[in-house]
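What follows is the residue order along each chain.
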Amino acid sequence: NDYNIQVVTGEILQAGTFNKIYIKLIGTECNSGQQRLKAPTGFWPGSKLSFTVSCTANLGTLLLVELESKARMIGLNEWFCAEVMVTTPKGEELLFPCHRWLGSEKVVLRDAVATLRHKETSPELLAHRQESLKVRRQLFKWSIYADGIPHTVHAEFPCNLPPEVRFSFTKDKEFVFSSAVAFMKINLRCPLKFSWSSLRELDTLVCRKTDILEYVQKNWKRDEFFGYQFLNGLNPMMIKRCSKLPDNFPVTSDMVSSFLPMGSTLEQEMEKGNVFLCDYERLRGLDGNLICKKQQYLAAPLCLLFSTPQETLVPIAIQLFQEAGPENPIFLPSDSEHDWLLAKMFVRNAEFNEHELNFHLLRTHLLAEIFTVATMRDLPAAHPLFKLLLPHTRFTLQINIMARKTLISSYGYFPKFTAIGNDSMMEFLQRAVLSLTYSSLCLPDDIKERGLEKIPNFYYRDDGLELWKIIFKFVNGILSYYYTDSDVQTDIELQAWLTSIFQSGFLENPHAGMIFFLDFFPLSPKFSFLSKTSPSVHPPIPPSGFPKSFSTVEELVKFVTMVIFTVSAQHAAVNNGQVRKCFLVFFRFLCLNVILTLPDLTTPPGFQFDYGGWMPNFPSSLQQAPPRRKGLATEHTVSDTLPSISSTVNTMAIVYLLCHDTCDRYALGNYPEVHFSEEIPQKQIQQFQTDLLQFEKKIETRNKTLELPYTYMSPQNMNNSITI
Ligand code: RS7
């Protein structure tokens, strides 16, 4: 009874080993006993080595393969095993995917055929399934980060993560290297001078520019470009159709009629669906930070926009605080150049906070972490959903651990260099969690809810809806192969996965989405922090709408589409516009008399700044109070209001550090690790790839006709998972 064994070692740096590798084949009748796989020259990266395992007795049906890696005298070096292929004495071929690092612990693999728990036919496999979940729940634990913030993985450093999800050596090294160098070279102390003498000084900061950055620099003051960014810039998530003005934003038709077509009124344009609103109410009442003992300022603006007959979108009124009144004027495009520019700058700073903390950090990174930890804890490797989602969780825990340390810890970037600082940032994040609704994460629903179906030239919507459809078709193709509605209802592992997401991600908060109506609902102690800031003036908003259980395949498919869309397309939409990858880039920071040569970026891959590179367009902090009266602002007010030199330089450094994609990225739909061995799921993967490629071509053709191409939602530019 000879079994032929083929062992494949991963093709990543340091994946190979000289350890002694042992295998045990476990069948329904008996097992082979532990046998050594003798590889005289070791298991080197990318190798496919064949062995024979002889068994005196008949194993019965082969169920499991156990691997153990034992150190030689020099100590254990970890081994990245990709997969084991077993050919039985009857000639049957069985694939056992591994795709993980092996330390000193034994690893038990089962074949690649996906199975639901209630369809397991062998008691041994059921026991293995339960045991593996028990182990995983020990390895992946939840940790409470702060009140009202989604839970995180329990690990302080990336190296504390279980081997199953660890970075490859290369990635660890790359990250540590680039952070160390950048921080040493750029972490400026408080500069002697806080403000910029003029915007020309700022221009010297970035030497190499993308076309987009040059465009931003040239056009940031223009109203058309200011409006355009709400649709196709870094943050297409704030804008909503306005069919009735909020009570606290008393814009009159007289104020804005000169910006509307002749003879038309604001009411008529609202009725026609041509008026839009960005309301930064989540920033209401938050205090500005102190940076180097200097007060910084936040506003909580409302910005009204008009979609013109020429198909541009322009701002027509801005109020900087939520409470209407004489000390809170409504700024108009007809005001003085500097009044209007200052008002727009405060809106851009509000955008910075909403974009980075709510739509980028919370709604992509932190949610992706919830999906990852729930997948690791609640779904065994044999589960079809585990196989489907695993590639969409790659590196996410590591990047989030590092992001928490670098960005939002009390000594991180936000507390040190932004106007929102630490305390207001935490409060803002808590409010943002309460605004999380299921529909806001499902693009087709979100577009409808925001009333954005018809607004012209909205490429985020057009590309996003197309991608949603492609991902939905793929997920449906895979999951409906394994599930009927009745399977969905019976699958307790699936339901436990959903419960974890609901409890840890959305904090079991049935009233998410009700931030301004809290007095009408008793709050759980977890959300008591809200009562101090929330006025009860708005009508109730419906509950969060998150499913608490699945009843049908359709519900399941929609939810899983949302998961994959969030970690690939949505993350790309809000992340990629900060910088652009390119080759052979060299840039440096030139500040006053200080010349800092950043890590010598003459080696590929490098990057160039896109929207994130021109600070006045995306200020992280503002140093003068928002104007309470019109007619006082001058050119100096504008440059004194911009973030300090130190904040600007450190923001650009952070953009450099965190946007540094690595060479081992997998674009959406590329699954080099085989987890499904059945024909139908494999065909679905191929079809997914074809659909994505066709869509990529469509975007390329469309972009040729645009003054500013929209590339953030191109499938080639997005990863399977959040890795940056
Ligand atoms: C990035 O993630 O690529 C850059 C983020 C960034 C750059 C400059 C200022 C602030 C931020 C931020 C942020 C919050 C989300 C970051 C998640 C990062 C891994």
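Residues numbered from 1 in each chain as written. Predicted model: local features only at pLDDT ≥ 70, side-chain atom pairs only at ≥ 80, totals over all residues. Heavy atoms only, no water.

**A short note on the overall build of the protein**
Tallying secondary structure elements over the protein gives 21 helices and 21 strands in all. The buried share of the protein, reckoned over its 724 residues, is 61%. Summed over its atoms, the accessible surface of the protein is roughly 29,200 Å², and 54% of this surface lies on carbon and sulfur atoms. (Helix = DSSP H or I, 4+ residues; strand = E, 2+ residues; numbered from the N terminus. Buried < 20%, exposed > 50% of the residue type's maximum accessible area, 1.4 Å probe, protein only. Areas by Shrake-Rupley, 256 points an atom, 1.4 Å probe, with all protein chains shown as cover.)

**A closer look at the nonpolar core**
Ranked by internal contacts, the top residues of the largest apolar core, which has 151 residues, are Leu388, Leu479, Trp497 and Val560. If one sorts the elements of this core by residue count, helix H8 (residues 337-378) sits on top with 21 residues. In contact with Val560, not counting residues within four places along its chain, are Leu385, Leu388, Leu389, Val475, Leu479 and Trp497. Ranked by size, the runner-up nonpolar core spans 27 residues in total, among them Val7, Leu49, Val53 and Leu109. (Core = buried A, V, L, I, M, F, W, Y, C linked by side-chain atoms within 4.5 Å. Contact = heavy atoms within 4.5 Å.)

**Considerations on unusual backbone geometry**
Here the phi dihedral of His99 falls at roughly 45 degrees; this positive angle occurs in a residue that is not glycine. Position of His99 among the secondary structure elements: in strand E7 (residues 93-102). Look at His99 and you get buried, because its relative accessible area is 9%. Phi angles above zero are rare outside glycine, and Asn457 is one such case at about 60 degrees. For Asn457, a relative accessible area of 29% gives the class partly exposed.

**Topic: helix H17 (residues 492-505)**
With 14 residues, H17 should cover 20 Å at 1.5 Å per step; its first-to-last C-alpha distance of 19 Å lies within 8% of that length. Extensive coverage of H17 is indicated by the burial of 10 of its 14 residues. The set of residues buried in H17 consists of Glu493, Leu494, Gln495, Trp497, Leu498, Ser500, Ile501, Phe502, Ser504 and Gly505. Buried residues belonging to H17 abut helix H1 (123-139), strand E9 (142-143), H8, helix H9 (384-389), helix H16 (485-490) and helix H18 (553-575). The backbone nitrogen of Glu493 lies 3.1 Å from a side-chain oxygen of the residue at the head of H17, namely Asp491. Residue Leu507 follows H17 closely and has a positive phi angle near 55 degrees. (Expected span 1.5 Å × (residues − 1). Polar contact = N/O pair within 3.5 Å; in protein donor to acceptor, adjacent residues only side chain to side chain.)

**Focus: the sheet that holds strand E6 (residues 79-87)**
Across the sheet, which stays open at both edges, the 4 strands sit in the order E4-E1-E6-E7 with antiparallel pairing between neighbours. Both edges of this open sheet fall to strand E4 (48-54) and E7, since each of them pairs with a single strand only. Going from strand to strand, the sheet's axes swing by 20 degrees on average, the running direction of each strand aside. The pairing of strand E1 (residues 2-9) with E4 spans 7 bridges and is antiparallel. Of the residues in E4, the one forming a bridge with Gln6 is Ser50. (Pairing = 2+ DSSP bridges. Axes fitted to C-alpha atoms, helices over the stretch in contact; angles between N-to-C directions.)

**Structural notes on the pairing of E1**
Examined bridge by bridge, E1 and E6 share 6 bridges and lie antiparallel to one another. Considered in E6, the bridge of Thr9 is made with Cys81.

**Let's talk about the packing of aromatic side chains**
Considering all chains together, one arrives at 21 aromatic pairs under this definition. Where Phe474 meets Phe688, the ring centres are 4.1 Å apart and the plane angle is 0 degrees; that geometry is what we call stacked. In this pair, Phe474 sits in helix H15 (residues 459-482) while Phe688 sits in helix H21 (residues 679-704), placing the two residues 214 residues apart along the sequence. Accessibility classification places Phe474 together with Phe688 in one group, the buried group. Aromatic ring contacts, followed pair by pair, group Phe352, Tyr413, Phe414, Phe417 and Phe618 into a single cluster. When the ring centre of Tyr22 is taken as origin, the NZ or CZ atom of Lys70, which lies over that ring, is 4.4 Å away. Here the basic side chain of Lys344 rests over the ring of Phe226, its NZ or CZ set 5.6 Å away from the ring centre. (Phe/Tyr/Trp six-rings, centres within 6.5 Å; stacked < 30°, edge-to-face > 60°. Lys NZ or Arg CZ within 6 Å of the ring centre and 35° of its normal.)

**Some details on the environment of Phe331**
When you line up the elements, Phe331 lands in strand E17 (residues 330-331). Phe331 gets classed as buried once you look at its relative accessible area, which sits at 0%. On a C-alpha basis, the gap between Phe331 and Ile316 in space is 8.4 Å, while along the polypeptide they are 15 residues apart. For Phe331, the contacting residues outside a window of four places in its chain are Ile316, Ala317, Ile318, Leu320, Asp339, Trp340, Ala343, Pro627, Arg629 and Lys630.

**Examining the side chain of Asn576**
As for its position among the elements, Asn576 is in the loop between H18 and strand E18 (579-582). Engagement of the side chain of Asn576 in a polar contact is seen with the backbone oxygen of Asn717, the distance being 2.8 Å.

**Some words on the sheet that holds strand E2 (residues 20-27)**
Reading across from one edge, E3-E2-E5-E8 is the order of the 4 strands in this open sheet, with antiparallel pairing throughout. If you trace the sheet from one side to the other, it starts and ends with strand E3 (35-37) and strand E8 (107-110), each paired once. The mean inter-strand angle of the sheet, taken between neighbouring strand axes irrespective of direction, is 30 degrees. When E2 meets E3, the two strands line up antiparallel, connected through 3 bridges. Its bridge partner being in E3, Ile21 is matched across the sheet by Leu37.

**Considerations on the packing of H1 against H8**
The N-to-C vectors of H1 and H8 enclose an angle of 140 degrees; their axes lie 7 Å apart at closest approach. In terms of orientation, H1 lies oblique with respect to H8. Residue-level contacts link Leu133, Arg136 and Arg137 of H1 to Thr375, Met376, Arg377 and Asp378 of H8. The residue inventory of the contact of H1 with H8, partitioned by class, reads 2 nonpolar, 1 polar and 4 charged. (Parallel < 35°, antiparallel > 145°, perpendicular 65-115°, else oblique. Nonpolar A, V, L, I, M, F, W, Y, C, P; charged D, E, K, R; others polar.)

**Here's the deal with the environment of Arg129**
Assignment of secondary structure puts Arg129 in helix H1. Here Arg129 falls in the buried class, since its relative accessible area comes to 1%. For Arg129, the residues in contact, after removing those within four places along its chain, are Arg110, Thr115, Leu116, Arg117, Glu120, Pro380, Ala382, His383 and Glu493.

**Describing the environment of Phe225**
Structurally, Phe225 can be placed in helix H5 (residues 223-232). Judged by relative accessible area, which is 2%, Phe225 ranks as buried. When the C-alpha atoms of Phe225 and Leu313 are compared, they prove to be 8.2 Å apart, with 88 residues separating the residues in sequence.

**Some remarks on the confidence of the model for the protein**
Considering every residue of the protein, the mean pLDDT works out to 86; 83% of them sit at 70 or more. Here residues 184-190 scores under 50 on pLDDT; set against residues more than four positions off or in separate chains, the count is 18 contacts. Counting interchain partners and residues more than four positions distant, the pLDDT-below-50 stretch residues 512-542 has 57 contacts. Interface confidence for the predicted complex, given as ipTM, is 0.97, next to a pTM of 0.91. (pLDDT = per-residue confidence, 0-100.)

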